[in-house]
Amino acid sequence: MVKTHCFSVQYAKSSMSTCRVCMAKIVKDSLRVGHSQLEAENDLSRKPDMDERMMAIAGAARWHHFECFPRMKGAKWMAANLPDSPTKLEGFKELKKGDQKKLLQLWKALASPEGKPSSKRKAEMEGKVAKKPASKISAITSVQGVLTSAQFKKVQALEADLSSSTNHALLGELRKNDQPRTGKKEELVSRVAEGRVLGALPSCPKCKHGQIHWSRLGGWFSCPGYYDRDLKTTRRCFFRSKEMKRKEWKK
């Protein structure tokens, strides 16, 4: 299926939209990045019964917090589908200069190629370890959100320390605390760091099966739903709250 990936940036016009990565609300006036897919008019694989309304819904922008956008897809997908410069994005010229600079820095980090072993060894021989693109992205998108200054410092210190841990170790700690285990390594690192500082997230009190997600941007606890193995389908859950009692974290 031939599709064109379109991206746009703007300040949220209300607090109604939901980030497609963290599933938390995007607060009004905060910077958000949109992604939509447009099918070619002559695409023969398009379903014949798709009317204009269905096509409009399919092509509608899905919004993401600026801080969450790098986790929308993997590095290879980003490299293959992002425009070469954010200045080409719809809405870029309307942004404040500071936010334009942030987008330029993020695009540069997303476009940074993975370091080749030979280059890394050369850097280590010179006494300097090459900084990975993922760590650059984390530095750009790191946000305090609803965390206190003390909590934020602890989380940042733990994230720096845990970045050298293996995925196996991170997943093991998340499994021990019955926490979500999906996502890229930097997501696992943040989840473990936040858990050690704030405590473990409980199971969903509404559907009883889903795993609670939490966003430090708005402080919302939410449940996206769960997979019903008996019916072999995903059951959505719309639980959202700003108050939940966490459990003690187990190392």
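Scroll up a little and you will see the structure.
Described in the following lines is the structure provided in the data block. This structure is a prediction, so every number in the text was calculated from the model and none was measured. (Residues numbered from 1 in each chain as written. Predicted model: local features only at pLDDT ≥ 70, side-chain atom pairs only at ≥ 80, totals over all residues. Heavy atoms only, no water.)

Quick word on the pattern of salt bridges
Thinking step 1. Tallying each qualifying case throughout the model produces 8 salt bridges.
Thinking step 2. Residues E194 and R216 are paired through a salt bridge, measuring 2.9 Å at the closest nitrogen-oxygen approach. Linking E194 in helix 8 (residues 185-198) with R216 in the loop between strand 4 (213-214) and strand 5 (221-222), this pair joins segments that are 22 residues apart in sequence.
Thinking step 3. Take E194: its relative accessible area is 12%, and that puts it in the buried class.
Thinking step 4. What makes R216 buried here is its relative accessible area of 10%.
Thinking step 5. One salt bridge in this structure joins R235 and D228, with 3.0 Å as the shortest N-O distance.
Thinking step 6. R235 gets classed as partly exposed once you look at its relative accessible area, which sits at 36%. (Salt bridge = Lys/Arg side-chain N within 4 Å of Asp/Glu carboxyl O. Helix = DSSP H or I, 4+ residues; strand = E, 2+ residues; numbered from the N terminus. Buried < 20%, exposed > 50% of the residue type's maximum accessible area, 1.4 Å probe, protein only.)

Comments concerning the pairing of strand 6 (residues 225-228)
Thinking step 1. Pairing of strand 6 with strand 7 (residues 233-236) involves 4 bridges; the strand directions are antiparallel. Each residue of the ladder has a partner; that of G225, found in strand 7, is R236.
Thinking step 2. Counting the residues between successive antiparallel strands, the hairpin from strand 6 to strand 7 contains 4 residues, one of them, K232, with a positive phi of roughly 55°. (Pairing = 2+ DSSP bridges.)

Section: the environment of A24
Thinking step 1. As for its placement among the helices and strands, A24 is situated in the loop between strand 1 (3-11) and strand 2 (31-39).
Thinking step 2. Setting aside anything within four residues of it in sequence, one finds A24 in contact with S17, T18, C19, H65, S215 and W220. (Contact = heavy atoms within 4.5 Å.)

Regarding helix 6 (residues 149-162)
Thinking step 1. Under the 1.5 Å per step criterion, the end-to-end length of helix 6 is 20 Å for 14 residues, consistent within 8% with the ideal 20 Å.
Thinking step 2. Of all the positions in helix 6, only F152, V155, L158, E159 and L162 are classed as buried. Angularly, the buried residues of helix 6 cover 130° about the axis, an arc narrow enough to put them on a single face. Across helix 6 from its buried face, at more than 90 degrees, point the exposed residues K153, K154, A160 and D161.
Thinking step 3. Buried residues along helix 6 sit in contact with helix 7 (167-176) and helix 8. (Expected span 1.5 Å × (residues − 1). Arc of directions from axis to C-beta.)

Considerations on the sheet that holds strand 8 (residues 240-241)
Thinking step 1. The 3 strands are arranged 4-5-8 in an open sheet whose pairing can be described as antiparallel. Two strands bound the open sheet, and with one partner strand each, they are strand 4 and strand 8.
Thinking step 2. Across 2 bridges, strand 5 lies against strand 8 in antiparallel orientation. Bridged to F221 within strand 8 is S241.

Here's the deal with the environment of F238
Thinking step 1. Here F238 shows up in the loop between strand 7 and strand 8.
Thinking step 2. The sequence separation of F238 and C207 amounts to 31 residues, and the corresponding C-alpha distance is 9.0 Å.
Thinking step 3. The contacts of F238, once residues within four sequence positions are left out, are K206 and C223.

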